[in-house]
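Coordinates in review
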Amino acid sequence: MSNTLLIENLSVQYHNQQILHDVSINIPTGSIFGLLGDNGAGKTTLLKTILGLNKHFSGSMTYNEQPLSREQAKDFGALIESPAIYPNLTAQENLRIMALLYNLSEPSISATLHAVGLGDVSKKLKVKNFSLGMKQRLGIAMAIIHNPKFLILDEPTNGLDMAGVDDFKTIVHTLAVSGMTIMITTHQITELATAFDAFAILQHGKITYASNSGGYSAEELTTIYRDYND
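Summarised in this report is the structure supplied together with it.

1. Here's the deal with the side chain of Thr 186
One can find Thr 186 in strand S8 (residues 181–186). A residue is classified by how much of its surface remains accessible, and Thr 186, at 1% relative accessible area, is buried. From its side chain, Thr 186 meets the backbone nitrogen of Gln 188 in a polar contact 2.9 Å long. Those residues in contact with Thr 186 that sit more than four places away from it in its chain are Leu 35, Leu 36, Gly 37, Lys 43, Glu 155, Thr 157, Leu 192 and Phe 196.

2. A look at helix H2 (residues 91–102)
The terminal C-alpha atoms of H2, which comprises 12 residues, lie 17 Å apart, in line with the 16 Å expected from a rise of 1.5 Å per residue. Buried residues of H2: Ala 91, Gln 92, Asn 94, Leu 95, Met 98 and Ala 99, and no others. The buried residues of H2 occupy an angular sector of 160 degrees when projected down its axis, which confines them to one face. Exposed positions of H2 whose direction lies more than 90 degrees from the buried face are Leu 100 and Leu 101.

3. Focus: the packing of aromatic side chains
Applying the stated criterion across every chain, the model contains five aromatic pairs. When the centroid spacing of 5.2 Å and the interplanar angle of 85 degrees are considered together, the rings of Phe 76 and Phe 150 count as edge-to-face. Of this pair, Phe 76 sits in strand S6 (residues 76–79) while Phe 150 sits in strand S7 (residues 150–154), and the two are 74 residues apart along the sequence. The exposure classification of Phe 76 matches that of Phe 150, with both residues buried. Pairing Tyr 209 with Tyr 228 gives two aromatic rings, centres 4.5 Å apart and planes at 45 degrees, and the pair type is tilted. Of the two residues, Tyr 209 is situated in strand S10 (residues 206–211) and Tyr 228 in the segment after helix H7 (218–227); the sequence distance between them amounts to 19 residues. Following the ring pairs from residue to residue traces out a cluster consisting of Phe 199, Tyr 209, Tyr 216 and Tyr 228.

4. Digging into the nonpolar core
Formed by 44 residues in total, the largest nonpolar core has its most connected members in Leu 153, Ile 182 and Ile 184. Dropping the residues within four chain positions of it, Ile 184 is found in contact with Ile 32, Phe 33, Gly 34, Leu 35, Leu 153, Pro 156, Phe 168, Val 172, Leu 192 and Phe 196.

5. Thoughts on the packing of H2 against helix H3 (residues 106–115)
Across the interface, H2 lies against H3 with an axial gap of 10 Å and an inter-helix angle of 125 degrees. Taken together, H2 and H3 sit at an angle that is classed as oblique. Crossing geometry of H2 relative to H3 is assigned as right-handed. Contact residues: H2 offers Ala 91, Gln 92, Leu 95, Arg 96 and Ala 99, while H3 offers Glu 106, Ile 109, Thr 112 and Leu 113. Grouping the constituent residues of the contact of H2 with H3 by class yields five nonpolar, two polar and two charged.

Here is what the cut-offs are and how they apply
Residues numbered from 1 in each chain as written. Predicted model: local features only at pLDDT ≥ 70, side-chain atom pairs only at ≥ 80, totals over all residues. Heavy atoms only, no water. Helix = DSSP H or I, 4+ residues; strand = E, 2+ residues; numbered from the N terminus. Buried < 20%, exposed > 50% of the residue type's maximum accessible area, 1.4 Å probe, protein only. Polar contact = N/O pair within 3.5 Å; in protein donor to acceptor, adjacent residues only side chain to side chain. Contact = heavy atoms within 4.5 Å. Expected span 1.5 Å × (residues − 1). Arc of directions from axis to C-beta. Phe/Tyr/Trp six-rings, centres within 6.5 Å; stacked < 30°, edge-to-face > 60°. Core = buried A, V, L, I, M, F, W, Y, C linked by side-chain atoms within 4.5 Å. Axes fitted to C-alpha atoms, helices over the stretch in contact; angles between N-to-C directions. Parallel < 35°, antiparallel > 145°, perpendicular 65-115°, else oblique. Left-handed = near helix turned anticlockwise from the far one by under 90°. Nonpolar A, V, L, I, M, F, W, Y, C, P; charged D, E, K, R; others polar.

This is the structure:
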């Protein structure tokens, strides 16, 4: 199986503090890849480095067998920390702004909203009146409106109830089936265990365990996580 992203010996240091230590992972093409770790493990730092938001690193990153570069940014979609939404606008209006940035047509907005389960939301309902789950759906919509090949989601299920988590898993599974490679960071092991095709555990800036297979139950993955969480 080919890899969409290959990271080798990636290290990041801020103000004489080592954040990431020789991190190496490979993300299979078309997979839902889980990066598991407690808060403060270095997950968001790794994502920001992948997205080119952090220039102070050593090591290598390869995307589709080519050195990762700024020119490849069009292939990426990302939702880091929380959706950058305008609360006084509707979902359609928020996506319209993104569509303008990518020079996309109005049908792209409708198709994207339907893809994340917001197709039936009133065109008059402002985002400030959305539930947390609806806001997360909109954040994903904003990240995928340009049909990226590689989607990065940072702790996307924080604060969601189980129904919201189940809806989220359905959405990402559908996107993966369509050919999108997805990377998800989380510390909520039991909720997302069955969603992953491959995963790695990041603790204290180091990869402590990695697997290129999925299908683990919540109990199995929790056991692995506990055993390799040092």
